[in-house]
Amino acid sequence: YLGYANLKGPGGRTGSVLPLATLEYMATLGRDNWVRVPLRFSTGYLRSNGPVMRVAAGLAFALTPSVDLVTELFAPTVWVTRNQTLVSMDLALELAFRI
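Residues numbered from 1 in each chain as written. Predicted model: local features only at pLDDT ≥ 70, side-chain atom pairs only at ≥ 80, totals over all residues. Heavy atoms only, no water.

Some points on the sheet that holds strand β3 (residues 35–46)
- Pairing is antiparallel across the open sheet formed by 6 strands, whose spatial order is β1-β2-β3-β4-β5-β6. Two strands in the sheet have a free side with no partner beyond their single neighbour: β1 (2–9) and β6 (85–97). Strand after strand, the sheet turns through a mean of 30° between neighbouring axes, direction not considered. (Pairing = 2+ DSSP bridges. Helix = DSSP H or I, 4+ residues; strand = E, 2+ residues; numbered from the N terminus. Axes fitted to C-alpha atoms, helices over the stretch in contact; angles between N-to-C directions.)

See the structure below:
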């Protein structure tokens, strides 16, 4: 997973690329599989800050047989920086293409 992090920096807000390794399980709801529940665990490292850990759950809606609209509605993230550990709650909206 490759994301963007908008962080508090020494002179205001600063941005950084956030690479994460992610494990995902898609639980199905019902028989038709057009709505599913993605469950994710991610870990990575934010350059100039430190390790990051994230768990997430949401809903995935099948738009076509190979394209999903995926939401992350519950996504607490732990950020370990040089002098403190921070926790944030995040939201996400993505398009997922199945190969």
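Considering the pairing of β3
- As paired elements, strand β2 (residues 12–28) and β3 share 9 bridges and run antiparallel to each other. Bridging across to β3, T28 finds its partner in R36.
- Between β2 and β3, which pair antiparallel and follow one another directly, the connecting turn spans 6 residues, one of which, G30, has a positive phi of 80°.
- By the bridge criterion, 10 bridges tie β3 to strand β4 (residues 50–64) in an arrangement that is antiparallel. Within the sheet, the bridge partner assigned to T43 lies in β4 and is M53.
- Count of turn residues in the β3/β4 antiparallel hairpin: 3 residues, of which S48 carries a positive phi of about 70°.

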